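Tertiary structure, described
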Amino acid sequence: RTPPILTALKPARGGEGGGAMLDMLPGMGLPDRQLFPGHKGTIRCVAFSPDGRMAATASGDHTSMVWDLQTGKLAAMLGSQPSNLTGGGAGKGHLHIVSGVCFSPDGKYVCTTSNDKSLRLWRASNGEPLAILQGHMQFVNCCKWAPNGSAVLTGSSDKTVRAWRLLRDGNPDMSQFSWGNGTVLEFAFAHCNASMQDDHQDSEEYRRMTAKHRTHLPEMKCVLTTLVGHEGGVTAVDVSPCCGFVLSVSSDKTARLWDFDKALDQKLLSSEAPGGGSRALIRTLRGHQRAVISCCFSPDSRHCATGSQDFTVRVYDVHTGGLVRDILAGECYCTGVAFSGAASDLLLVSTGGKKVRVFSVLDASVSASLPSAGRSVSSIAVLCHARGQSLCIAGGDHVMCYVPDVLSLAEKAAAAKSSFSLKRSWSAKSPNGYVTLGTPASPQPHPSKAVSS
């Protein structure tokens, strides 16, 4: 049965061109897929809500959209599409390309980032605008809400990673905030550390932003900290599931691993570490030959993966910084990377081409592709749940593709390349770091953060 969202895309009776057009949409080779059209620009980023019931997309049409995956309908549009995208027309919301999107851990809120140098917070259920946060000096390329809800991390073309924390009288409980019902909070460089003020006080951009800072709600506070060290724009950022680490990647060809708690400590970051650099930096991960544009942590926070414009994905041990795998993903940029979850050692990689590739962290002979992903794939998201794992694919055709059960597809594609047992779970019980699926694994402590670079 054709999902409701596809009704407008079905060719008319007797029509020939419509069928060919439908076949070109992303994921049309994948079984049980659903398509979500609606954007008028390339989808730059896609994210699941924590409960898997919704997904959000960020697009070049200046909007983000929240989709109900169960009904196949649009739940909320965040912002509005300008009437003239190429002529600089302004919609309601972000004033430029929306580059990143993520949900809060409770699924009630959505954060978006944009080339208009701001990030915005919205109510997920109805798209109500809640807050505008400014502090980056260039395009804001990505965002990630910490799993414990304590902060939103963003990366920007101004070469920094910034952590944002909203508080009401010191309380981070967002349900108690003075916002909504027509009140949109706006903060610009609010409550940042003194070194940031010194760095930017002579900037016209800084003066313009701080002049807009609204102080009519004195009980509300936005605490802003900054991680410096990258020599190029920050293209992607992730926070480990254990909330111990922050991973950022950059056009400077490196990835950097930061201590999460130290990244939020204004007092600590007010001075440089001995020898220079940020006191929150654990280590710099090198090896890519071109800009690094995607990254993610494994579900147990023990490994991280980075994707680059050099066509490779590198998997590192978070604890030691050692290289676990160096994977040649194809002949296109690695625009997205995602571990397939706790029940498998598989890694999914989206490329600037038309494929979602499947690799094994353990078995170098596994190099497969999911059935046709259609047109250019710019972003992927994977969510683990009790029934398996779901996948969202986004790309240059303005359409999101949702695949309810991707793990079985990935394992089938991988098994066709290797007889190696792929069903494994992340654990430290065996020398190679894995045990057979179904073997009880004793609880493992989080990796130590006390290892210096």
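Look up: the structure comes first, before these words.
Just so we're clear, the structure is a prediction, and the values are computed from it rather than from any experiment.

The rules behind these values
Residues numbered from 1 in each chain as written. Predicted model: local features only at pLDDT ≥ 70, side-chain atom pairs only at ≥ 80, totals over all residues. Heavy atoms only, no water. Pairing = 2+ DSSP bridges. Helix = DSSP H or I, 4+ residues; strand = E, 2+ residues; numbered from the N terminus. Axes fitted to C-alpha atoms, helices over the stretch in contact; angles between N-to-C directions. Buried < 20%, exposed > 50% of the residue type's maximum accessible area, 1.4 Å probe, protein only. Contact = heavy atoms within 4.5 Å. Phe/Tyr/Trp six-rings, centres within 6.5 Å; stacked < 30°, edge-to-face > 60°. Salt bridge = Lys/Arg side-chain N within 4 Å of Asp/Glu carboxyl O. Core = buried A, V, L, I, M, F, W, Y, C linked by side-chain atoms within 4.5 Å. Disulfide = S-S within 2.5 Å.

This part covers the sheet that holds strand 14 (residues 220-227). Pairing in this open sheet of four strands is antiparallel, and the strands run 10-11-12-14 from one edge to the other. On the outer flanks of this sheet lie strand 10 (140-145) and strand 14, each paired with one strand and no other. On average, adjacent strands in this sheet sit at an angle of 25° to one another, irrespective of strand direction. Two strands pair when backbone bridges link them, and strand 10 and strand 11 (residues 152-156) are joined in this way by five bridges, in the antiparallel orientation. Looking across to strand 11, one finds that Lys144 is bridged to Leu153.

As for its position among the elements, Gly180 is in the loop between strand 12 (161-168) and strand 13 (185-188). Given the relative accessible area of 4%, Gly180 is considered buried. Sequence-wise, Gly180 and Arg123 are 57 residues apart; in three dimensions their C-alpha atoms are separated by 8.5 Å. With sequence-adjacent residues up to four places away left out, Gly180 is seen in contact with Arg123, Glu128 and Leu130.

Most of strand 6 (residues 98-103) is tucked away, with six of its six residues classed as buried. In terms of strand pairing, strand 6 meets strand 7 (residues 109-114) through five bridges, oriented antiparallel. Directly across from Cys102, in strand 7, lies its bridge partner Cys111. The antiparallel pairing of strand 6 with strand 7 creates a hairpin that spans five residues between the two strands, and Gly107 there sits at a positive phi of about 75°.

Below, the discussion takes up the packing of aromatic side chains. Taken as a whole, this structure holds five aromatic pairs when the rule is applied. Residues Phe177 and Trp179 carry aromatic rings whose centres are separated by 5.0 Å and whose planes lie at 70° to one another, so their mutual orientation is edge-to-face. Given the relative accessible area of 6%, Phe177 is considered buried. Classification of Trp179 by relative accessible area gives buried; the value is 8%. One aromatic cluster in this structure is built from Tyr109, Phe177 and Trp179.

Looking now at the sheet that holds strand 9 (residues 129-134). Strand order in the open sheet formed by five strands is 6-7-8-9-13, with mixed pairing between adjacent strands. Each having just a single partner strand, strand 6 and strand 13 make up the two edges of the open sheet. Sheet twist, expressed as the average angle between the axes of neighbouring strands with direction ignored, equals 15°.

We now examine the pattern of salt bridges. This model, assessed by the stated rule, comprises five salt bridges. A salt bridge links Arg302 to Asp300; its shortest N-O distance comes to 3.7 Å. We note a salt bridge from Asp326 to Arg314, for which the minimum N-O separation is 3.3 Å. Here Asp326 is found in strand 22 (residues 323-328), whereas its partner Arg314 is found in strand 21 (residues 312-317), with 12 residues between them in sequence.

In this section: the nonpolar core. Counting residues in each nonpolar core, the largest one holds 22 residues, and the members touching the most others are Cys111, Leu121, Leu133, Trp145, Leu166 and Trp179. Elements represented by at least two residues in this core include exactly strand 7, strand 8 (118-123), strand 9, strand 10, strand 12, strand 13 and strand 14. Sequence-distant contacts of Trp145, defined by excluding residues within four places in its chain, comprise Cys102, Phe103, Ser104, Pro105, Tyr109, Val110, Cys111, Leu121, Ala151, Val152 and Met174. Among the nonpolar cores identified, the runner-up in size contains 21 residues, and Ala338, Val358, Ile380 and Leu391 belong to it.

So, on to unusual backbone geometry. Excluding glycine, a negative phi dihedral is what most residues carry, and trans is how most peptide bonds are arranged. Here His62, not a glycine, exhibits a phi torsion of approximately 80°, which is positive. Summarising the element assignment, His62 is placed in the loop between strand 3 (54-59) and strand 4 (64-68). Accessibility expressed as a relative area gives 7% for His62, which makes it buried. Phi at Phe311 is positive, roughly 75°, even though this residue is not glycine. Mapping Phe311 onto the fold places it in the loop between strand 20 (303-308) and strand 21. The exposure class of Phe311 is partly exposed, given its relative accessible area of 26%.

To continue, consider the state of the cysteines. Covalently bonding the sulfur atom of one cysteine to the sulfur atom of another cysteine gives a disulfide. This model, assessed by the stated rule, comprises zero disulfides. The thiol sulfur of Cys296 is not disulfide-bonded, and the nearest other cysteine sulfur, from Cys295, lies at 7.1 Å. The cysteine Cys401 is free of any disulfide, with Cys392 supplying the nearest cysteine sulfur at 7.8 Å.

No statement about biological role is implied by the geometric values presented.
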